[in-house]
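Listed below, chain by chain, are the residues.
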Amino acid sequence: MWGGRFAGGPAKVMEKINASIDFDKRFHAQDIRGSKAHADMLAAQDILTSADAAAINEGLDAILREIDDGAFQFSAALEDIHMNVENRLRELIGPTAGRLHTGRSRNDQVATDFKLWVRDTIDRLDLVFRDLIVALLDQAETHAASVMPGFTHMQVAQPVTFGHHMMAYVEMFGRDRDRLAESRRRLNESPLGSAALAGTSFPINRDMTAAALGFDRPTANSLDAVSDRDFALDFLHTANVAAMHLSRLAEELVIWSSAQFRFVTLSDAFSTGSSIMPQKRNPDAAELIKGKIGRVSGAYVALTMVMKGLPMAYGKDMQEDKETLFDAADTIELCVTVMAGMIADMTPNPDALQAAATSGVPTAPELAAGLVAAPALPLRDAHHRAGAAVKAAEDRGCDLADLPLDLLQGIEPRITEAVYKVLDAESAVHARRSYGGTAPEQVRAQIARWREVLK
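Residues numbered from 1 in each chain as written. Predicted model: local features only at pLDDT ≥ 70, side-chain atom pairs only at ≥ 80, totals over all residues. Heavy atoms only, no water.

Our focus in this paragraph is the overall build of the protein. The number of helices and strands found in the protein is 19 helices and 6 strands. Projecting the C-alpha coordinates of the protein onto the three principal axes gives extents of approximately 100 × 55 × 40 Å. By the burial criterion, 48% of the 455 residues in the protein qualify as buried. For the protein, the accessible area works out to roughly 21400 Å², and carbon and sulfur atoms hold 53% of it. Side chains of the protein give 48 positive and 62 negative charges; the mean places of these two sets differ by 2 Å. (Helix = DSSP H or I, 4+ residues; strand = E, 2+ residues; numbered from the N terminus. Buried < 20%, exposed > 50% of the residue type's maximum accessible area, 1.4 Å probe, protein only. Areas by Shrake-Rupley, 256 points an atom, 1.4 Å probe, with all protein chains shown as cover. Lys, Arg positive; Asp, Glu negative; His and termini not counted. Charge placed at Lys NZ, Arg CZ, Asp CG, Glu CD.)

Bringing a negative patch on the surface into the picture now. The grouping of Asp22, Asp317, Glu320 and Glu323 at the surface amounts to a negative patch. With respect to the helices, strands and loops of the structure, Asp22 is situated in helix 2 (residues 21-24). Residue Asp22 is classed as exposed on the basis of its relative accessible area of 66%. (Patch = residues over 30% accessible without salt bridge, like charges linked within 9 Å, V, L, I, M, F, W, Y side chains within 5 Å. Salt bridge = Lys/Arg side-chain N within 4 Å of Asp/Glu carboxyl O.)

A few words now on the packing of aromatic side chains. The tally for this structure, following the rule as stated, stands at 12 aromatic pairs. On the numbers, 6.2 Å between centres and 40 degrees between planes, the contact of Phe129 with Phe173 is tilted. Residue Phe129 is found in helix 6 (residues 106-142), and its partner Phe173 is found in helix 7 (residues 162-187); the two are separated by 44 residues along the sequence. Summarising the burial analysis for this pair, Phe129 and Phe173 share the class buried. Where Trp256 meets Phe263, the ring centres are 6.2 Å apart and the plane angle is 50 degrees; that geometry is what we call tilted. Judged by its relative accessible area of 2%, Trp256 falls in the buried class. The class of Phe263 is buried, set by a relative accessible area of 2%. Feature note: the residues Phe27, Phe114, Trp117, Phe231 and Phe326 constitute an aromatic cluster, connected by ring pairs. Here the basic side chain of Arg26 rests over the ring of Phe326, its NZ or CZ set 5.0 Å away from the ring centre. For the cation-ring pair, Arg119 lies above Phe215, with the distance from its terminal atom to the ring centre recorded as 4.9 Å. (Phe/Tyr/Trp six-rings, centres within 6.5 Å; stacked < 30°, edge-to-face > 60°. Lys NZ or Arg CZ within 6 Å of the ring centre and 35° of its normal.)

One pass over the structure, following the stated rule, counts 1 cavity of 30 Å³ or more. In this structure, the largest cavity spans a volume of roughly 40 Å³. In terms of residues, the lining of the largest cavity owes the most to one element, helix 10 (residues 230-256), which gives 3 residues. Its residues assigned to classes, the lining of the largest cavity shows 5 nonpolar, no polar and 1 charged. (1 Å grid on protein atoms, 1.4 Å probe; cavity = no way out; pocket = protein on both sides within 12 Å on 5 of 7 lines; lining within 4 Å. Points joined across faces, edges and corners; volume = space filled by probe spheres on them. Nonpolar A, V, L, I, M, F, W, Y, C, P; charged D, E, K, R; others polar.)

Attention now goes to the pattern of salt bridges. Tallied over the full model, the rule gives 24 salt bridges. The salt bridge partner of Arg26 is Asp330, with a shortest N-O separation of 2.7 Å. Residue Arg26 is located in the loop between helix 2 and helix 3 (28-44), and its partner Asp330 is located in helix 12 (residues 323-345); the two are separated by 304 residues in the primary sequence. You can call Arg26 partly exposed: its relative accessible area is 35%. Since its relative accessible area comes to 35%, Asp330 is described here as partly exposed. Close ionic contact of Arg106 with Asp80 constitutes a salt bridge, the shortest N to O distance being 2.7 Å. In this pair, Arg106 sits in helix 6 while Asp80 sits in the loop between helix 4 (50-68) and helix 5 (81-93), placing the two residues 26 residues apart along the sequence. Judged by relative accessible area, Arg106 falls into the partly exposed class, the value being 22%. Accessibility expressed as a relative area gives 7% for Asp80, which makes it buried. Several salt bridges share partner residues, and in doing so they unite Glu182, Arg185, Arg186 and Asp234 into one network.

This brings us to the layout of surface pockets. Here the largest pocket defines a volume of roughly 420 Å³. Counting only elements with at least two residues in the lining of the largest pocket, the list comes to strand 1 (147-152), strand 2 (155-161), helix 7 and helix 10. Among the residues making up the lining of the largest pocket, the classes are represented as 8 nonpolar, 7 polar and 4 charged.

Before going further, it helps to spend a moment on the packing of helix 3 against helix 6. Angle between the axes and distance between the axes are the two parameters that describe a pair of packed helices. Where helix 3 contacts helix 6, the two axes come as close as 9 Å, and the packing angle between them is 120 degrees. With respect to helix 6, the element helix 3 is oriented oblique. Read as a crossing pair, helix 3 and helix 6 show a hand that is right-handed. In this structure, helix 3 uses Gln30, Asp31, Arg33 and Ser35 to contact helix 6, whose residues at the interface are Gln109, Asp113, Leu116, Trp117, Arg119 and Asp120. Of the residues belonging to the contact of helix 3 with helix 6, the class tally is 2 nonpolar, 3 polar and 5 charged. (Axes fitted to C-alpha atoms, helices over the stretch in contact; angles between N-to-C directions. Parallel < 35°, antiparallel > 145°, perpendicular 65-115°, else oblique. Left-handed = near helix turned anticlockwise from the far one by under 90°. Contact = heavy atoms within 4.5 Å.)

None of the figures reported here should be taken as evidence of function without further support.
Here you go:
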C-alpha cells in the first residue's frame, strides 16, 4: 500500500508488531458499512461513476458474506482490516477497487469504524443492563416488606427491607445506563472524510456519509477527528464504574450466601461444588465477577497511558486503543449478563433476614427518635439516653425490646410502655416513610417509577 517509497519490505518482527488484523478484524462489519457509505457518497458527488460504486458495493457485500461464513483469508502482511478488505475487493472487481479510498485515509477510516463498533456495543450493553435492572426490580417487588439489617462499616445499623436494598442497585445500574447513553451521544459525530489529518480537496459530502451511518453530524475539525479517542475513554470510564458496581453487589452475594448469613441461596446454575467437600456450594460466579473487573479498570488506565503524551494528530501508538477495549467490552457484557441471571435465580431467605434484623440493637435510632418526639428531648440528649439503653441491653445479652420498662425508666423517667412499639424492627421499617426511604410503600412507589422508566 505504501511500497513506492520503500526499496525493501518490513522485517518479520516489524510485521509482527505492526499488524493489527488479529484483533481489528472484529469491526469488519463496521468497516464495510463505512466503505459502502463512502462509495455511495463519491458516486453522488460524481467523483465515482455509478457503475464503479455499484461494483464496489457488490464486492463489499461479497466480502462480508465471506467473513461471516468463515471463508475469508485474513493476512498479517496486509496489516489491518482496512487493507485486507481493500485487497480482497481488488481481487474481486479489479482496479476499480483502488478508487474507493478517494477522499479518505486509514486515519479517518479507523476512527469511523471504531466509533461505529463502540456505538453498537453501547446499544447492546444497554439491553443487558436493562435485563439486570428488571431482575433487581422483580426481587424488590417480591420482597418489598422483607425486613433485614442495614449495615454501615459492615456493622448492623438500622432495619431496612430487602426490596429497598435491591432498589439501591437499581439506582446504581440506572446511572450506568445514563452514562452509556451520554457517551453514545458524545461520540455520535462522523470522522469520515477528515482524511489523514487535514481534510481533502475532493468535493465530498460529509453530511451525506454521516447521515448514512447514523451519526448526528460530521466532526468539525479534521485534526481532532483522527486523533480523538475520547469516545473510547468515555466508554471505558462507564464500563469501569459499572464494573465497580457489579463488584460491590457480587461481594454482598458472596457474604449473603455464606452459612453464617444465609440471607440468600444462589441457584445451582450459578454455583459450583467442591472436589473434596460435598457440603460446599461456592458462589463462583459472583467471585469471578469480582476478579474480572480488574481487566476493565486496567483497560481504562492502559488507554489513558497511550493517549496522555500524543501530539496531534495520528500516531501508531493509537493502534493500542483496541485490544484492551475489546476485552473490557466482552468482560463487562459477560459480567452483567451473569449478574442478571444470578439475581433472577437467587432465593432470599426472609426468616434469616428477619432474625438478623433483630440482633445487634438495630432499633436504637428509633428509641432516640421516640425520645425526641414524646418527651421532647433534644436530639443529643435523646442519643445519650438511647446509648445508655444499648449498653444495658449489651450487658444483659438481649435486644432493646427485651429490656424491662423499669430499667428503661431508670434511664429516662418519661419513657412509657408505648416505647416498645418503636423497638420492633418491622415497625421501625414501616416508620421510614420519607421519600426514598425503606418503608414498603416507598419501595413499591420506586419500583412503579422504574417500571415506567423502562417502558
